[in-house]
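The lines below spell out each chain.
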Amino acid sequence: MATPHIQAEKGDFARTVLMPGDPLRAKFIAETYLDTPRQVNAVRGMYGYTGTYHGKPVSVMASGMGVPSIGIYSYELFRFYGVENILRIGTAGAIADDLSVGDVVLAMSAATNSNYAAQYRLPGTPAPTADFTLLQTAYQAAVSFRQTVRVGSVFTSDTFYDDADSLRDWQKMGVLAIEMECAALYLNAARLGKRALTICTISDCPFTGESSSAAERQESFRTMMEIGLQTAASL
Ligand code: HPA
């Protein structure tokens with residue numbers, strides 16, 4: 001049984017899936033951390049793998065960039081492959097002044113300029129929210145790694161290159177960081193009765209122009225991946 005975007009059989013995915021944006025990062029995580037990884041998807045190069053981590057079945061699959069892409073892949077994993085938990089692991093730009101490159105943000109909630117929620121025809125505005133168990137587990141993992149970690153809102157933007165300079169407005173609202181996928185993931189999880197969390201590492205600071213070196217990026221990615229994997233293994 002394949003979906004339009006995933007060529008895998010039912011049972012090919014574990015209950016918990018780690019989702020980086022980048023397919024090559026999915027490959028890296030599978031090859032570096034999983035025991036007996038096998039590739040379960042390669043359609044459009046959106047690589048997916050399943051293996052075990054500390055004896056627990058875990059999958060890792062790329063989401064691609066932006067709300068429509070993660071909207072499709074997370075929906076299909078939740079709805080057609082029996083996936084219960086999706087942990088997005090990605091990068092974000094700092095909005096809060098006291099965040100620095102390499103810090104980790106756990107997205108408790110996601111503000112957004114995306115129209116994704118319009119499909120539900122709600123008589124109001126939904127509040128895309130993380131699962132508390134995943135959030136608490138990831139927070140404890142981050143603390144155990146002595147990682148600087150903040151918990152709060154992110155802003156899921158449809159634009160990376162934005163003509164308007166609206167980030168200060170989101171900063172006024174206490175938003176910590178900007179990324180491009182979280183709100184869609186949380187809305188899919190809510191609608192389908194599943195669990196989701198976004199773990200971000202700060203890769204750049206749009207206000208200061210600071211961005212991470214390749215080495216810094218590699219190191220902070222590793223910590224974020226290990227937070228995600230430890231969370232997955234303890235579910
Ligand atoms: N904007 C949107 N997404 C991002 C950014 C950003 O500045 N940095 C990392 N992901």
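Right, let's walk through the structure included here. Only a predicted model underlies this, so the values are computations on that prediction, with no experimental measurement involved.

### Focus: the overall build of the protein
Assigned secondary structure in the protein consists of 6 helices and 10 strands. Its C-alpha atoms give the protein a radius of gyration of 17 Å, within 12% of the compact-globule value 18 Å for 235 residues. The C-alpha extent of the protein, read off along each of the three principal axes, is 45 × 45 × 30 Å. Here the protein holds 235 residues, and the buried ones make up 52% of them. Approximately 10,800 Å² of the protein is accessible, and the part contributed by carbon and sulfur atoms is 51%.

### Observations concerning the site of the ligand
Near the ligand, the surroundings consist of Thr91, Ala92, Gly93, Phe160, Ile178, Glu179, Met180, Ser203, Asp204 and Pro206. A distance of 3.2 Å separates a nitrogen atom of the ligand from a polar backbone atom of Gly93. Computed on the free molecule, the ligand has an accessible area of 260 Å², of which 89% lies beneath the protein chains in the complex. Taken together, the elements giving at least two residues each to the shell around the ligand come down to β5 (85–94), β8 (177–179) and β9 (195–205). In terms of residues, the shell around the ligand owes the most to one element, β5, which gives 3 residues. Its residues assigned to classes, the shell around the ligand comprises 5 nonpolar, 3 polar and 2 charged.

### Describing helix α1 (residues 23–33)
Every buried residue belonging to α1 is among Ala26, Ile29, Ala30 and Tyr33, and all of these are buried. For α1, the angular spread of buried residues about the axis comes to 105°, placing them on one side. Residues of α1 that are exposed and angled more than 90 degrees away from the buried face: Leu24 and Glu31. The inward-facing, buried residues of α1 abut β2 (35–41), β3 (48–53), β4 (56–61), β5 and α6 (214–233). Between a side-chain oxygen at the N-terminus of α1 and the backbone nitrogen of Leu24 the separation is 2.8 Å; the capping residue is Asp22.

### Focus on the nonpolar core
By size, the foremost hydrophobic cluster in this structure holds 72 residues, and its most contacted members are Phe13, Leu77, Leu197 and Ile199. Aside from chain neighbours lying at most four places away, what touches Phe13 is Ile6, Ala8, Val40, Thr50, Ser59, Met61, Leu77, Tyr81 and Val83. Membership of the second largest hydrophobic core comes to 6 residues, among which are Ile95, Phe155, Leu167 and Val175.

### Quick notes on unusual backbone geometry
Of note, the phi angle at Arg44 is positive, near 55°, even though the residue is not glycine. Positionally, Arg44 belongs in the loop between β2 and β3. For Arg121, which is not a glycine, the phi torsion comes out positive at approximately 50°. Inspection of the secondary structure puts Arg121 in the loop between β6 (104–112) and α3 (132–144). Residue Arg121 is classed as exposed on the basis of its relative accessible area of 71%.

### Section: the packing of aromatic side chains
If you walk through the whole model with that rule in mind, you get 5 aromatic pairs. On the basis of an interplanar angle of 55° and a centroid distance of 6.4 Å, the ring pair of Tyr47 and Tyr49 is categorised as tilted. With a relative accessible area of 25%, Tyr47 lands in the partly exposed category. Its relative accessible area of 6% is what places Tyr49 among the buried residues. Each ring, one from Phe155 and one from Trp170, has its centre 4.5 Å from the other, and the planes form 20°; the classification is stacked. Of this pair, Phe155 sits in strand β7 (residues 149–156) while Trp170 sits in helix α4 (residues 167–172), and the two are 15 residues apart along the sequence.

Parameters and conventions
- Residues numbered from 1 in each chain as written.
- Predicted model: local features only at pLDDT ≥ 70, side-chain atom pairs only at ≥ 80, totals over all residues.
- Heavy atoms only, no water.
- Helix = DSSP H or I, 4+ residues; strand = E, 2+ residues; numbered from the N terminus.
- Rg over C-alpha atoms; globule rule 2.2 N^0.38 Å.
- Buried < 20%, exposed > 50% of the residue type's maximum accessible area, 1.4 Å probe, protein only.
- Areas by Shrake-Rupley, 256 points an atom, 1.4 Å probe, with all protein chains shown as cover.
- Near = heavy atom within 4 Å.
- Polar contact = N/O pair within 3.5 Å; in protein donor to acceptor, adjacent residues only side chain to side chain.
- Nonpolar A, V, L, I, M, F, W, Y, C, P; charged D, E, K, R; others polar.
- Arc of directions from axis to C-beta.
- Contact = heavy atoms within 4.5 Å.
- Core = buried A, V, L, I, M, F, W, Y, C linked by side-chain atoms within 4.5 Å.
- Phe/Tyr/Trp six-rings, centres within 6.5 Å; stacked < 30°, edge-to-face > 60°.

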